[in-house]
Amino acid sequence: MHHTLNGKTAMVSGASSGIGKALALELLQRGYNVSLSARRDYMITEYLQQALAPEEVNQRCLVVKTDVSREEDCKNWVEQTIAKFGRIDALVNNAGISMRGLFSECKLDVLRRLMDVNFWGTTYCSYYAIEHLLKTKGSLVGISSIAGYQSLPGRAAYSASKAAIQALLKTIRIENKKKGLHVMIACPGFTSSNIRAVALDKDGKPQGETPRDESKMMTAEKVAHLIANGMEHRKRSLILTPLGRLTVFVGKFWPKLTEDVSYAYMAKEPNSPFK
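I will try to describe carefully the structure that is included in this document.

Criteria and thresholds
Residues numbered from 1 in each chain as written. Predicted model: local features only at pLDDT ≥ 70, side-chain atom pairs only at ≥ 80, totals over all residues. Heavy atoms only, no water. Patch = residues over 30% accessible without salt bridge, like charges linked within 9 Å, V, L, I, M, F, W, Y side chains within 5 Å. Areas by Shrake-Rupley, 256 points an atom, 1.4 Å probe, with all protein chains shown as cover. Salt bridge = Lys/Arg side-chain N within 4 Å of Asp/Glu carboxyl O. Helix = DSSP H or I, 4+ residues; strand = E, 2+ residues; numbered from the N terminus. Expected span 1.5 Å × (residues − 1). Buried < 20%, exposed > 50% of the residue type's maximum accessible area, 1.4 Å probe, protein only. Contact = heavy atoms within 4.5 Å. Core = buried A, V, L, I, M, F, W, Y, C linked by side-chain atoms within 4.5 Å. Lys, Arg positive; Asp, Glu negative; His and termini not counted. Charge placed at Lys NZ, Arg CZ, Asp CG, Glu CD.

On the surface, Phe249, Phe253, Trp254, Leu257 and Val261 cluster together to form a nonpolar patch covering roughly 550 Å² of accessible area. Looking at the nonpolar patch, the elements with two or more residues in it are helix H8 (242-253) and helix H9 (255-267).

Below, the structure written as structure tokens:
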């Protein structure tokens, strides 16, 4: 095939910005070929051209315009990856959107959109890539959230979609436990990225300015580095913040306390939909 440093190929969805962009650059640095997708594919092309020489971009990178909520787009992305690189060693299901609004006030289209992108996007990409991942005994990764463990008030569809992703990937892991497939669920916690700026409000409009202080959050580059390490060490799960680990632990034994604390914590957000 093409010249590579380690001969492996990784797919990353939602690679136009944030964690997806950082993961793409991290995996390139570690010697992977990368197949990258996003609706805003031009943003991927721009940063690849800044990071790599033209011949490296041509040899080691594939960019495919993809809306992961569309099954045919996901199938096409996998097919193009195989056509160019001949193998898939890792799929990182990173594409996702968030939302903020009370369940009773949200339009159903908002809830449906969250599930279409977050859950069905992960499902479609994993479905079409799994036969190739099984051949390489590769890694299937889902970028989830602490919200997948502990539901967050004002984030009903987001929490539901992340919990569904975790259940899906755990099932795939169990079904393939004797076939060498590595499945990892990564929960970054609050990360400095644009996910909150483009999160949907109760009416389905981007909420605009983030309600949180991004300067106090883990950077996307740090998250990408830890996820790549987890892939190399074939970790089952990654909870990347102390607060996240504490939330999961306490939630197992004192669920009501966790709910009370989650309510109080999220109510402190500027313009919170509840108090």
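Right, picking up where we left off after that structure.
For helix H6 (residues 156-175), spanning 20 residues, the distance from its first C-alpha to its last is 29 Å, which sits close to the expected 28 Å at 1.5 Å a residue. When we look at burial in H6, the residues that qualify are Ala157, Tyr158, Ser159, Ser161, Lys162, Ile165, Gln166, Leu169, Ile172 and Arg173. The secondary structure elements touched by the buried residues of H6 are helix H5 (108-136), strand E5 (139-143) and strand E6 (182-187).

Turning our attention to the environment of Ile130. Along the chain, Ile130 falls in helix H5. A relative accessible area of 21% places Ile130 in the partly exposed class. Note: C-alpha distance between Ile130 and Leu181 (51 residues apart in sequence) is 9.0 Å. In contact with Ile130, other than residues within four places in its own chain, are Ile172, Asn176 and Leu181.

Considering soluble globular proteins, one finds that nonpolar side chains tend to be buried as a cluster. One finds Leu91, Met99, Leu114, Leu133, Leu140 and Leu169 to be the most contacted residues of the largest nonpolar core, which totals 43 residues. In terms of residues, this core owes the most to one element, H5, which gives 10 residues. The contacts of Leu140, once residues within four sequence positions are left out, are Leu91, Asn93, Ser126, Leu133, Leu169, Ile172, His182, Val183 and Met184. By size, the runner-up hydrophobic cluster in this structure holds 33 residues, among which are Tyr32, Tyr47, Ala90 and Ala186.

A cluster of basic residues, Lys170, Lys177, Lys178, Arg236 and Lys252, forms a positive patch at the surface. Relative to the helices and strands, Lys177 is located in the loop between H6 and E6. Judged by its relative accessible area of 65%, Lys177 falls in the exposed class.

With that out of the way, let us pick up the pattern of salt bridges. According to the stated counting rule, one finds 12 salt bridges in the structure shown. A salt bridge links Arg60 to Glu56, with the shortest nitrogen-to-oxygen separation between them at 3.0 Å. With Arg60 and Glu56 both in helix H3 (residues 54-60) and 4 residues apart, the pair spans about one turn of that helix. Between Arg112 and Asp109 there is a salt bridge, with the nearest N and O atoms lying 2.8 Å from each other. In this pair, Arg112 and Asp109 both sit in helix H5, 3 residues apart, roughly one turn of the helix. Residue classification places Arg112 among the partly exposed residues on the basis of a relative accessible area of 44%. With a relative accessible area of 54%, Asp109 lands in the exposed category. The network of salt bridges with common partners includes Glu26, Arg30 and Glu232.

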